[in-house]
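# Structure at a glance
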Amino acid sequence: AEAAAANVAVPDALVALELRKQLNLREYGTHDPTLSEHARLLADIQRGRLRVAALEAQLAAAQGHVDAVVNILSNFDSRISTLQKAIGPLHKKTNKLKTVHGNIDSALASIDEILATFDAANQVEATIKLGPRGNAEEYLEAFDTVTNAIAYLREHKSFKSAKAAVDRLQLLLERALKDCEAYVRDCFSKYSNSVDLKLVRGVAANNTLEEATIESARKAIRGKHKSRSSATGAINSKLQKAKRKAENDGSDAGEEQVLEPIVLMEERRVKELKAWISHLNDYNRDQYLSDYADQRGKIQIELLKKVMRDLRYGKQLRYVDSLNAFLRLLEAEKELAKSVLGDQWQEAYGEAIAPAIFFLLESAEQKIKTARSKKDKGDSGGGGAAAAAATAP
């Protein structure tokens, strides 16, 4: 046992110690109390060695499996590379086919566009002939279709039938423009809201004829008629007195004058007219300006004549109230002209209000002449001056 213990390596020191203790027990009959503890340690070490040996065996087996997997993956990578080399040419051919297919689709789309352009006249002819009084939105779309087709064909004059197609489309366009002008002219009066000047209250912001009109209206009046300074002065005097009275009344009451707006045309109608006028402007068609002046001017004259008739027959309306109502009507007309006609409103608005203002001046001048005549007769007869003065405007 001693010989065996002497030959044990350092890692086996505990085992050697245990052997020595056993030898000492046999020779001398002595008892070592640590013997059982050492035996347990020896058993644990032995079990640990067995576990290590088992783990080493499992690790060796796992390493074999890993080597097998690595070989499989290496083989798979090699096959993938081979597959890629085989698919490469096929992929290139597929891309070429996609390009060819895309070119074919583009060519077909271009052909469809060209055919649709040549066929535009057939597509919209019925709508154009029906006129704008049908479906306005559909008519405007047809209008745009004709316009775009003409522009396209003029850019591609090399097409064999381009000239014939443009000529036909041009006839449709001319018809559409004329119908559009006629429709706009009718709308200026048809869409106008009814206004009763007897019900219009309040003092106009522009409280003289000079303020209410613009230079284009004054030029129109001076170009056709002589200046009526006496009538203008009499009207302005009446208006100024009424304005001062209204301001004083409002000041006494502690309230500011709140005027109910005069709406001459619904907002949706204004937008519709602007759309039509925009198309006319695209083709430099400005007939609508004179149509506006003509149609709106007739409305102004009729309203003024009606209120003058009511004054003549004494229908509970003062002359100065009718003047203020008329000036407020002119203010509303100005706003309408700006909304519908855009930047070109001034001249058309001036021409529209000129006949009504001239009629107003003519009526005032006639009243002045009548009053003077009565006054002269009263003076020659020795009386009646007060009655004549009462008839002055």
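Definitions and limits used
Residues numbered from 1 in each chain as written. Predicted model: local features only at pLDDT ≥ 70, side-chain atom pairs only at ≥ 80, totals over all residues. Heavy atoms only, no water. Helix = DSSP H or I, 4+ residues; strand = E, 2+ residues; numbered from the N terminus. Buried < 20%, exposed > 50% of the residue type's maximum accessible area, 1.4 Å probe, protein only. Areas by Shrake-Rupley, 256 points an atom, 1.4 Å probe, with all protein chains shown as cover. Axes fitted to C-alpha atoms, helices over the stretch in contact; angles between N-to-C directions. Parallel < 35°, antiparallel > 145°, perpendicular 65-115°, else oblique. Contact = heavy atoms within 4.5 Å. Nonpolar A, V, L, I, M, F, W, Y, C, P; charged D, E, K, R; others polar. Polar contact = N/O pair within 3.5 Å; in protein donor to acceptor, adjacent residues only side chain to side chain. Patch = residues over 30% accessible without salt bridge, like charges linked within 9 Å, V, L, I, M, F, W, Y side chains within 5 Å. Salt bridge = Lys/Arg side-chain N within 4 Å of Asp/Glu carboxyl O. Left-handed = near helix turned anticlockwise from the far one by under 90°. Phe/Tyr/Trp six-rings, centres within 6.5 Å; stacked < 30°, edge-to-face > 60°. Lys NZ or Arg CZ within 6 Å of the ring centre and 35° of its normal. pLDDT = per-residue confidence, 0-100. Core = buried A, V, L, I, M, F, W, Y, C linked by side-chain atoms within 4.5 Å. Lys, Arg positive; Asp, Glu negative; His and termini not counted. Charge placed at Lys NZ, Arg CZ, Asp CG, Glu CD. Arc of directions from axis to C-beta.

### Some thoughts on the overall build of the chain
Across its full length, the chain carries 14 helices and zero strands. Going from N to C terminus, the chain has its helices and strands arranged as α-α-α-α-α-α-α-α-α-α-α-α-α-α. Out of the 393 residues belonging to the chain, those deemed buried represent 33%. Total accessible area on the chain is roughly 24,700 Å²; 54% of this is exposed by carbon and sulfur atoms.

### Considering the packing of helix α10 (residues 267-282) against helix α12 (residues 319-341)
Direction vectors running N to C along α10 and α12 enclose 45°, while the axes themselves pass 8 Å from each other. Taken together, α10 and α12 sit at an angle that is classed as oblique. Across the interface between the two elements, V270, L273, K274 and I277 from α10 touch L336, S339, V340 and L341 from α12. Classifying every residue of the contact of α10 with α12 gives six nonpolar, one polar and one charged.

### Structural notes on the environment of E333
For E333, the position within the fold is in helix α12. Each C-alpha atom, one on E333 and one on I262, is 9.0 Å from the other, the two residues being 71 residues apart in sequence. With sequence-adjacent residues up to four places away left out, E333 is seen in contact with L264, Y292, R296, Q300 and Y349. In terms of polar contacts, E333 uses its side chain to reach the side chain of Y292, at 2.6 Å.

### Some points on a nonpolar patch on the surface
The grouping of V100, I104, L108, I111 and L115 at the surface amounts to a nonpolar patch, some 440 Å² of accessible area in total. By the secondary structure assignment, I104 is in helix α3 (residues 35-118).

### As for the packing of helix α5 (residues 136-155) against helix α6 (residues 162-190)
Between α5 and α6, the shortest axis-to-axis distance is 9 Å and the interhelical angle comes to 145°. The hand of the α5/α6 crossing is left-handed. Counting all contacts with α5, which are made through Y139, F143, V146, T147, A149, I150, L153 and R154, the residues of α6 involved are A162, A165, V166, L169, Q170, L173, A176, L177 and D179. Here the contact of α5 with α6 is composed, by residue class, of 13 nonpolar, two polar and two charged.

### A closer look at the packing of aromatic side chains
With the rule as written, the count across this model stands at five aromatic pairs. Consider the rings of Y183 and W276, whose centres lie 5.3 Å apart with planes at 65°: the pair is edge-to-face. Separated by 93 residues along the polypeptide, Y183 in helix α6 and W276 in helix α10 bring together distant segments of the chain. Taken as a pair, Y183 and W276 share a single burial class, namely buried. Aromatic pair W345 and Y349: ring centres 5.8 Å apart, planes at 50°, arrangement tilted. Highlighted residues: W345 and Y349, both in helix α13 (residues 345-381), separated by four residues, approximately one helical turn. The burial state of W345 is the same as that of Y349; both residues are buried. The rings of Y139, Y183 and W276 are connected pair by pair, giving a single aromatic cluster. One residue, K338, lies across the ring of W345, its end atom 5.1 Å from the ring centre.

### Digging into the side chain of E181
Inspection of the secondary structure puts E181 in helix α6. Residues within four places of E181 in sequence aside, it is in contact with L280, R285, Q287 and D291.

### A few points about the confidence of the model for the chain
Scored by pLDDT, the chain comes out at a mean of 75, with 71% of its residues at no less than 70. The weakest mean pLDDT in the chain belongs to helix α14 (residues 385-390) at 41; the strongest belongs to α10 at 88. Note that residues 1-11 has pLDDT below 50 and, in this model, eight contacts with residues that lie over four places away or in other chains. Counted against residues more than four places away or in other chains, residues 382-393, with its pLDDT under 50, gives 17 contacts.

### Overview of the nonpolar core
Judged by nonpolar contacts, the single largest core of 71 residues is most densely connected at V184, F188, F326 and L341. Elements with a contribution of two residues or more to this core: α4 (120-130), α5, α6, α10, α11 (287-312), α12 and α13. Every residue in contact with F188, bar those within four places of it in the chain, is listed here: M265, L273, I277, Y288, D291, Y292, Q295, R296, I299, V340 and L341.

### Digging into a negative patch on the surface
On the surface, a cluster of negative charge is made up of E137, E138, E141, D144 and D282. Counting residues per element, the negative patch draws most heavily on α5, at four residues. Here E137 falls in the exposed class, since its relative accessible area comes to 57%.

### Some points on α4
Residues A120, A121, V124, T127 and I128 constitute the buried set of α4. Around the axis of α4, the buried residues are gathered within 140° of arc, so they sit on the same side. Turned more than 90 degrees away from the buried face of α4, the exposed residues are A126 and L130. Where α4 terminates, the next one or two residues include G131, which has phi positive at roughly 90°.

### As for the environment of A275
Position of A275 among the secondary structure elements: in helix α10. Considered as a pair, A275 and L140 are 135 residues apart in the sequence and their alpha carbons are 8.6 Å apart.

### Quick look at the pattern of salt bridges
The final tally for this structure, using the stated rule, is twelve salt bridges. Taking the shortest distance from any N to any O, the salt bridge between E174 and R285 comes out at 3.4 Å. Of this pair, E174 sits in helix α6 while R285 is found in the loop between α10 and α11, placing the two residues 111 residues apart along the sequence. Within this structure, E125, K129 and R168 form a network of salt bridges that share partners.

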